[in-house]
Amino acid sequence: MTEKVTIIGSGPAGWTAAIYTARAELNPIVYEGAFTEENRQKGTLPLGQLSLTTEVENFPGFPFGDMTGYLDSSIAKDKRQYMAPHGKHGVSGPELMELMRQQATNFGTRIVTDDIVSVDLSQRPFKLKTLSGEEFTSHAIIIATGARANYLGLPSEDAFKNRGVSACAVCDGALPRFRNKPVVVVGGGDSAMEEANFLTKFASVVYIIHRRDSFRASRIMAERALNNHKIQVKWNSTIDEVLGDDKNGVTGVRIRSTVDASKTETLEATGYFAAIGHTPNTDFLNGQVQTNEKGYIVWPTAHRTYTSVEGVFAAGDVADDYFRQAITAAGSGCMAALDAERWLSAQGIE
Ligand code: NAP
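Fair warning: this is a prediction, and the values are worked out from it, not measured in the lab.

Parameters at a glance
Residues numbered from 1 in each chain as written. Predicted model: local features only at pLDDT ≥ 70, side-chain atom pairs only at ≥ 80, totals over all residues. Heavy atoms only, no water. Phe/Tyr/Trp six-rings, centres within 6.5 Å; stacked < 30°, edge-to-face > 60°. Buried < 20%, exposed > 50% of the residue type's maximum accessible area, 1.4 Å probe, protein only. Pairing = 2+ DSSP bridges. Helix = DSSP H or I, 4+ residues; strand = E, 2+ residues; numbered from the N terminus. Contact = heavy atoms within 4.5 Å. Axes fitted to C-alpha atoms, helices over the stretch in contact; angles between N-to-C directions. Domains from an automatic or database assignment. Buried area = accessible area lost by both parts, 1.4 Å probe. Salt bridge = Lys/Arg side-chain N within 4 Å of Asp/Glu carboxyl O. Polar contact = N/O pair within 3.5 Å; in protein donor to acceptor, adjacent residues only side chain to side chain. Nonpolar A, V, L, I, M, F, W, Y, C, P; charged D, E, K, R; others polar. Expected span 1.5 Å × (residues − 1). Core = buried A, V, L, I, M, F, W, Y, C linked by side-chain atoms within 4.5 Å. Near = heavy atom within 4 Å. Areas by Shrake-Rupley, 256 points an atom, 1.4 Å probe, with all protein chains shown as cover.

## Observations regarding the packing of aromatic side chains
Inspection of every chain in the model, using the stated rule, returns eight aromatic pairs. Judged by centre distance (6.2 Å) and plane angle (50 degrees), the ring pair of F59 and F62 falls under tilted. A residue is classified by how much of its surface remains accessible, and F59, at 11% relative accessible area, is buried. Among the residues examined, F62 registers a relative accessible area of 16% and is labelled buried. Between the aromatic rings of Y306 and F313, the centroid separation amounts to 5.9 Å while the plane-to-plane angle is 65 degrees, which identifies the pairing as edge-to-face. The exposure class of Y306 is partly exposed, given its relative accessible area of 33%. Accessibility expressed as a relative area gives 1% for F313, which makes it buried.

## A short note on the sheet that holds strand β12 (residues 165–166)
In space, the five strands of this open sheet follow the order β12-β19-β13-β14-β15, with parallel pairing throughout. Both edges of this open sheet fall to β12 and β15 (231–234), since each of them pairs with a single strand only. Two elements, strand β14 (residues 205–209) and β15, share four bridges in a ladder whose sense is parallel. By the bridge assignment, I209 is partnered in β15 with K234. Sheet contacts for helix α7 (residues 190–199): β13 (182–186), β14, β15 and β19 (271–274); angle to β13, the most-contacted strand, approximately 170 degrees.

## Digging into the domain arrangement of the chain
Taken as a whole, the chain is organised into domain 1 (2–149 + 278–346) and domain 2 (155–274). The distance between the C-alpha centroids of domain 1 and domain 2 comes to 30 Å. At the interface, ten residues of domain 1 touch ten residues of domain 2. Around 660 Å² of area is buried between domain 1 and domain 2 when both sides are counted, 41% of it from carbon and sulfur atoms. Inspection of the region where domain 1 meets domain 2 yields zero salt bridges. Viewed at the interface, domain 2 and domain 1 are joined by one residue pair in polar contact (both at pLDDT 80 or more). Among the residues making up the side of domain 1 that touches domain 2, the classes are represented as two nonpolar, four polar and four charged.

## Observations regarding helix α9 (residues 326–346)
For α9, which comprises 21 residues, the first-to-last C-alpha distance of 30 Å matches the rise-based estimate of 30 Å (1.5 Å per residue) to within 8%. Of the residues making up α9, those classed as buried are A326, A329, A330, S332, G333, C334, A336, A337, D339, A340, W343 and L344. Looking at the buried positions of α9, the neighbouring elements they touch are β1 (2–8), α1 (12–23), β10 (135–143) and β21 (312–314).

## Re the nonpolar core
W15, F59, L96 and I142 are the most contacted members of the largest nonpolar core, which has 37 residues in total. For this core, the elements supplying multiple residues, two or more each, are β1, α1, α4 (93–106), β10 and α9. Examining the composition of this core, we find that eight residues originate from one element, α9, more than from any other. When sequence neighbours within four positions are dropped, the list of residues in contact with I142 reads V5, T6, I7, I8, A17, T21, F313, A336, A337 and A340. Counting 20 residues, the second-largest nonpolar core is a separate cluster that includes I29, F136, I141 and V312.

## Section: the side chain of T270
Within the secondary structure, T270 sits in the loop between β18 (264–268) and β19. The exposure class assigned to T270 is buried, which follows from its relative accessible area of 15%. Every residue in contact with T270, bar those within four places of it in the chain, is listed here: G164, R177, F178, K181, P182, V183 and V250.

## Digging into the site of the ligand
Around the ligand sit 17 residues, and of these D190, S191, R211, R212 and R216 come closest. One of the side-chain N or O atoms of R216 is found 2.6 Å from an oxygen atom in the ligand. For the ligand, whose free accessible area comes to 910 Å², the fraction covered by protein is 74%. With three residues, α7 is the single largest residue contributor to the shell around the ligand.

## Focus: the sheet that holds β18
Strand pairs in the sheet, formed through backbone hydrogen bonds, run parallel or antiparallel to each other. If you trace the three strands from one edge of the open sheet to the other, you get β16-β17-β18, paired in antiparallel fashion. Each edge of the open sheet is held by one strand with a lone partner, namely β16 (237–245) and β18. Averaged over all pairs of adjacent strands, the angle between their axes in this sheet comes to 25 degrees, without regard to strand direction. Note: strand β17 (residues 249–257) against β18, five bridges, orientation antiparallel. Along β18, the bridge assignment pairs G252 with E268.

## Examining the side chain of T109
Position of T109 relative to the elements: it lies in the loop between α4 and β7 (110–112). Classification of T109 by relative accessible area gives buried; the value is 7%. Of the polar contacts made by the side chain of T109, one reaches the backbone oxygen of A104; its length is 2.8 Å. Not counting residues within four places of it along the chain, the set of residues in contact with T109 comprises A18, A22, P28, V30 and A104.

## Thoughts on α4
In an α-helix there are 3.6 residues to a turn, and that puts residues three or four apart on one side. Its 14 residues place the ends of α4 20 Å apart at the C-alpha level, agreeing with the 20 Å of an ideal helix rising 1.5 Å per residue. Across the 14 residues of α4, ten count as buried, placing the element largely inside the fold. Residues G93, P94, E95, L96, M97, E98, L99, M100, R101 and A104 constitute the buried set of α4.

Shown next as structure tokens:
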């Protein structure tokens, strides 16, 4: 059997595309990813980047309050054990993703916990292959595989992920552990400037650790950071090690000079934010869909989620290196579903 529409990815874009295509009776199938060690290390497990965050305070519709009753009524108890504790909060990233997944399921979406490892887009219906070796065909594909934050790759970074190590200040910056405490941001691009500025709302001091003596960031963003009295820049420096312990998580960093490698300095900090860019998850496409110079999928037609291959649509962070928000990903997932539905209908596939 050839699928009508296959959705690859299980973040807000993928689940929104699933909700819409399921309600349009296209009987969608979602490949949500596989629970492999490689995916864990890369940050590409099922439910995407949001499953790696804590509170989500900016997704409309989830104000601060007691979510217990609602969550108990919507998500099976055995799926909630790793989520935020009951009680007053907005919604956590994992909760939001489980809610979207459940909503997609409620409308009949079929979900496969596996990765798509390769595709053949040279002819329709398209051919797809999974990590477990299954091969199948699909008339339309919605790519919603997202992007993953880049980390430096230090073992000490990995050891304290979610316990002070983060790649998203907007997601995690307001957590109690960062309030009135020093934190560090690594990077010299616009993201690093934005994250550092944002973190000054909460932290006592924000150190920007940058490997060169000038920023890559746009002048306006760099100046804003340089003029912020709570931000101190450590130029020509890299992170040697993230310091911490089991009880407290991150307690500081040791930085090393890129000019004189014998010089190190230890900074106390409760937070470490990597802002050294993102990598879109497009390896499985093997260059068959047009991407921009940073590897993100291109939408050749304005306001449409079409890709360079007819019948293949893209939504969410895999096609967005600019906004990268849960709500914008969800919005483009909806657009991809509607684009796919109309395209399938024009092909006589309903
Ligand atoms: P980016 O512009 O690629 O900057 C990455 C930064 O991380 C660079 O300063 C780079 O250093 C540093 N870096 C990379 N690998 C490193 C490593 N291994 N060790 C130490 N440092 C490393 O990425 P971005 O800041 O995420 O921005 C991505 C895009 O989004 C840009 O086009 C940006 O303009 C845009 N953006 C815009 C806004 C806004 O306008 N509000 C906000 C955020 C992002 P070098 O400089 O030495 O290479």
